[in-house]
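# Understanding the architecture of this molecule
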Amino acid sequence: MRGGGGAELSVAGGILVRVLSVVLDLVLPQTCAGCGARGARCCPGCLAELIGAPARRLPEPVPRGLPDCWSAAPYEGAVRRAIVAYKERGAVALAGVLAEAAAFTVVRAAGGTGASWADRTFAVVPVPSGRRTRRHRGHDPVGRLAVLVTGQLRAFGLRAETWAALGQARRVADQAGLSSAERSSNLAGSLQVPELAKGPPAACALLLDDIVTTGATLAEAARALRAAGVRVPLAVTVAATRRRS
């Protein structure tokens, strides 16, 4: 067996999950990913829960270097189930709804803070997943959201460009069970803008991720972009976990 056999099987497994998900969506009755009701993949009630409460939601404690952080909704209930279905179960049909929620949150954040960056071209930068995670899932959920969010922002009249500039500089340990401080230490120096990456389309970037928990990943992503000379005034996620200090 070739040395890369395990990786190839992982990639094949991820692709198979996506293909089966698409096929099942075509042949089986649709159910809402948030509540299970028959009909649309995201029913009106769950959609209202997803896009009805965009707000600044900062983790506690706030990690050093974290940009202003807004999310569309708390990570619970129907919102949590929809994100899990999209990320882990290949329900890529939900990408459009999640992107609409994130884009609406960007617009609310810009209006709520009087941000001058929104008047200029800015880069929408997705926080990257690890290579093994992408292979396991068979898709890049945040990368797909970034492209769709950029399109939505342009429809709102904002000048946005997708810039998938961030890459892994090194491997990190599993984050499960780590405290905020431990996560920050684990992620320090883990992201970079590679020297061969195409230059930024703008001097200002909007960071995009699906969930914010401790904020350590967003802070590390912001550090890497600032090291490349790019301003990072805002981070937006679809959802934010509720955390206690």
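Only a predicted model underlies this, so the values are computations on that prediction, with no experimental measurement involved. (Residues numbered from 1 in each chain as written. Predicted model: local features only at pLDDT ≥ 70, side-chain atom pairs only at ≥ 80, totals over all residues. Heavy atoms only, no water.)

Counting secondary structure elements, the protein chain contains eight helices and eight strands. Intrachain contacts of the protein chain at a sequence separation of at least 6 include 74% that bridge at least 24 residues. As displayed, the protein chain has an accessible area near 12,200 Å², and 55% of this comes from carbon and sulfur atoms. (Helix = DSSP H or I, 4+ residues; strand = E, 2+ residues; numbered from the N terminus. Contact = heavy atoms within 4.5 Å. Areas by Shrake-Rupley, 256 points an atom, 1.4 Å probe, with all protein chains shown as cover.)

Pairing is mixed across the open sheet formed by six strands, whose spatial order is E1-E2-E8-E7-E3-E4. Here the strands that pair on one side only, and so sit at the sheet edges, are strand E1 (55–56) and strand E4 (160–162). When strand E3 (residues 122–126) meets E4, the two strands line up parallel, connected through three bridges. Following the sheet pairing, Val-124 is matched in E4 by Thr-162. Across the face of the sheet, helix H3 (residues 77–88) comes into contact with strand E2 (68–74), strand E7 (204–212) and strand E8 (231–240) while running at roughly 105° to E7. This element, helix H8 (residues 216–227), spans E2, E3, E7 and E8 of the sheet and lies at about 160° to E7. (Pairing = 2+ DSSP bridges. Axes fitted to C-alpha atoms, helices over the stretch in contact; angles between N-to-C directions.)

For E2, the tally of buried residues reaches six of seven residues, placing the bulk of the element in the interior. Note that E1 and E2 share two bridges and pair antiparallel. Within the sheet, the bridge partner assigned to Ala-55 lies in E2 and is Ser-71. (Buried < 20%, exposed > 50% of the residue type's maximum accessible area, 1.4 Å probe, protein only.)

A few words on the packing of helix H2 (residues 44–51) against H3. Running from N to C, H2 and H3 cross one another at 95°; their axes reach a closest spacing of 9 Å. By the angle between their axes, H2 is roughly perpendicular relative to H3. Contacts from Cys-46, Glu-49 and Leu-50 of H2 reach H3 at Gly-77, Ala-78 and Val-79. Across the contact of H2 with H3, the residue classes break down as four nonpolar, one polar and one charged. (Parallel < 35°, antiparallel > 145°, perpendicular 65-115°, else oblique. Nonpolar A, V, L, I, M, F, W, Y, C, P; charged D, E, K, R; others polar.)

It is worth spelling out the pattern of salt bridges at this point. Counted according to the given criterion, the structure contains five salt bridges. The partner of Arg-223 in a salt bridge is Glu-220, and the shortest N-O contact between them spans 2.7 Å. On the criterion of helical spacing, the pair formed by Arg-223 and Glu-220 is a turn pair, its members being three residues apart in helix H8. What makes Arg-223 partly exposed here is its relative accessible area of 37%. (Salt bridge = Lys/Arg side-chain N within 4 Å of Asp/Glu carboxyl O.)

A few words on the packing of aromatic side chains. The full count for this structure, using the stated rule, is one aromatic pair. Pairing Trp-117 with Phe-122 gives two aromatic rings, centres 5.1 Å apart and planes at 85°, and the pair type is edge-to-face. Of the two residues examined, Trp-117 and Phe-122, each falls in the buried class. (Phe/Tyr/Trp six-rings, centres within 6.5 Å; stacked < 30°, edge-to-face > 60°.)

Moving on, we come to the pairing of E3. For E3, the buried fraction is high: five of the five residues fall into the buried class. Side chains Phe-122, Val-124 and Pro-126 of E3 all project onto a buried face; the interleaved residues Ala-123 and Val-125 project onto the opposite face, where all are buried too. One ladder, built from four bridges, connects E3 with E7; its direction is parallel. Note that in E7 the partner of Val-124 across the bridge is Leu-206.

Counting 47 residues, the largest nonpolar core has Trp-117, Phe-122 and Leu-153 as the members making the most contacts within it. For Trp-117, the contacting residues outside a window of four places in its chain are Val-106, Ala-110, Phe-122, Cys-204, Pro-233 and Leu-234. Formed by 22 residues, the second largest nonpolar core is a distinct cluster that contains Ala-123, Ala-165, Leu-191 and Val-212. (Core = buried A, V, L, I, M, F, W, Y, C linked by side-chain atoms within 4.5 Å.)

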